[in-house]
Amino acid sequence: MSKLNPANPVADLHLHSHYSDGTYTPQTLVARALKTGLSCIALTDHDTLEGCAATQKLCEEAGIGFIAGVELTAYALGEEVHILGLHVNLDNEPFLEKMREFQEGRKNRIIEMVSLLNKEGVGLSVEEVLELAHHCSAPGRMHIAHALLRGKHCKSHDEAFSRYIGEGKVAWAPKVNCSIEAAVELLHGAGAAALVAHPGMQRDRAAVCEYAIEKGIDGFECYHPRHSNSTTRRLIELCQAHQLLISGGSDCHGVEERIYMGSIRLPIQYVEQLNQWVYSKNLKKA
Ligand SMILES: [Zn+2]
Ligand SMILES: [Zn+2]
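Residues numbered from 1 in each chain as written. Chains lettered and ligands numbered in written order. Predicted model: local features only at pLDDT ≥ 70, side-chain atom pairs only at ≥ 80, totals over all residues.

**Q** Please provide a residue-by-residue account of the overall build of the protein, values included.
**A** Assigned secondary structure in the protein consists of 10 helices and 8 strands. The globule rule puts the C-alpha radius of gyration for 286 residues at 19 Å, and the 18 Å found for the protein is close to it. Along the longest, intermediate and shortest principal axes, the C-alpha atoms of the protein span 55 × 40 × 40 Å. When burial is assessed residue by residue, the protein has 48% of its 286 residues classed as buried. Across the protein, every contact between residues at least 6 apart in sequence was considered, and the portion connecting residues at least 24 apart equals 71%. (Helix = DSSP H or I, 4+ residues; strand = E, 2+ residues; numbered from the N terminus. Rg over C-alpha atoms; globule rule 2.2 N^0.38 Å. Buried ≥ 20, exposed ≤ 12 C-beta atoms within 10 Å, placed from the backbone. Contact = placed C-beta atoms within 7 Å.)

As structure tokens, this is what we get:
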């Protein structure tokens, strides 16, 4: 338990760094966590574990709990569904191999989306996008949005998504296809718990949640800045009814975004339940 705020310890279990589409280095991430009074954080970059070892070390030095995580992309019922892995084993070679495969798919997707943008008359090059992703082996749409903004092809990130690269828009291309069950299996193989990230953002939340439960999901991210209070409450009830893990995080990508680290303050009891769950599951496996 952290010494930071012993009376009311809280966690933020959904954070991105510059190893995916965030802007923070591990140093900034941990400094901000300290400043915000968080007792535990999870780094959950898209399709990469690269930032985890450095962040873990800094958290240890700072006396903050750390959970190595990842955010995978799956497809279900015609929608993109993000799956968080929490407590991922950093040395699991089959998992790392799969991450390399996803990263390759991301680069091919950038090439495809830039070519679609060019067809729409937008003069953007793949190099301009990848230059903005130079820290990162898992480039994504956020980098295309930054490049569109920098090249003055649009006025905001929101416009980049709503006009060009949002799901189903003119320059959108899907990621490597991965089912929920494949993502769950992959995460379980690496010792992690698998939870649906921000389920409140799904077009058909109830159907996606039910489907994910059928496919063996371990829990849901109930607390997220884009969830209304009633959505959070319903998700917690769902988890309680099915004895699933409850998580929450800010999904902070850095300073430029409007969502700040610690804007979700997950009560530490949920972290303890998660830790216990992962511990006993891996004990059974060993
Ligand atoms: Zn997400
Ligand atoms: Zn995220």
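From this point on, the discussion continues.
**Q** Would you mind going over the domain arrangement of the protein in detail, with residue names and values included?
**A** As assigned here, the protein comprises domain 1 (10-98 + 176-285) and domain 2 (110-165). Look at where the C-alpha atoms of domain 1 and domain 2 centre, and you get two points 26 Å apart. With 10 residues of domain 1 at the interface, the matching set in domain 2 holds 7 residues. Classifying every residue of the side of domain 1 that touches domain 2 gives 1 nonpolar, 5 polar and 4 charged. (Domains from an automatic or database assignment. Nonpolar A, V, L, I, M, F, W, Y, C, P; charged D, E, K, R; others polar.)

**Q** Give a detailed account of the sheet that holds strand β1 (residues 10-15), specifying residues and quantitative values.
**A** Spatially, 8 strands are ordered β7-β6-β5-β4-β3-β2-β1-β8 in an open sheet, and the strand pairing comes out mixed. The open sheet has two edge strands with one neighbour each: β7 (245-248) and β8 (266-267). Across the face of the sheet, helix α2 (residues 52-62) comes into contact with β2 (40-43) and β3 (65-76) while running at roughly 150 degrees to β3. Sitting on the sheet, helix α9 (residues 229-242) touches β6 (219-223) and β7, and the angle it makes with β6 is about 155 degrees. (Pairing = 2+ DSSP bridges. Axes fitted to C-alpha atoms, helices over the stretch in contact; angles between N-to-C directions.)

**Q** Go over the packing of helix α5 (residues 141-150) against helix α6 (residues 157-165), please, and point to the residues and values.
**A** Closest axis-to-axis distance for the α5/α6 pair is 9 Å, and the angle between their directions is 110 degrees. With respect to each other, α5 and α6 are oriented roughly perpendicular. Together, R141, I144, A145, L148 and L149 of α5 and H157, A160, F161, Y164 and I165 of α6 make up the contact between the two elements. (Parallel < 35°, antiparallel > 145°, perpendicular 65-115°, else oblique.)

**Q** Got a sec to walk through α6? Specific residues and values, please.
**A** All of the buried residues along α6 are A160, Y164 and I165. All buried residues of α6 lie within an arc of 55 degrees about the axis, which places them on one face of the element. Facing away from the buried side of α6 by over 90 degrees, the exposed positions are D158 and S162. The inward-facing, buried residues of α6 abut α3 (93-119) and α5. (Arc of directions from axis to C-beta.)

**Q** Would you mind going over the nonpolar core in detail, with residue names and values included?
**A** Side chains that are nonpolar tend, in soluble globular proteins, to be buried together. Ranked by internal contacts, the top residues of the largest apolar core, which has 65 residues, are I41, I83, A183, L195 and F220. A total of 6 residues in this core trace back to one element, the largest contributor, which is β3. Listed in part, the 19 residues of the second largest apolar core include L117, V129, M142 and L148. (Core = buried A, V, L, I, M, F, W, Y, C linked by C-beta atoms within 7 Å.)

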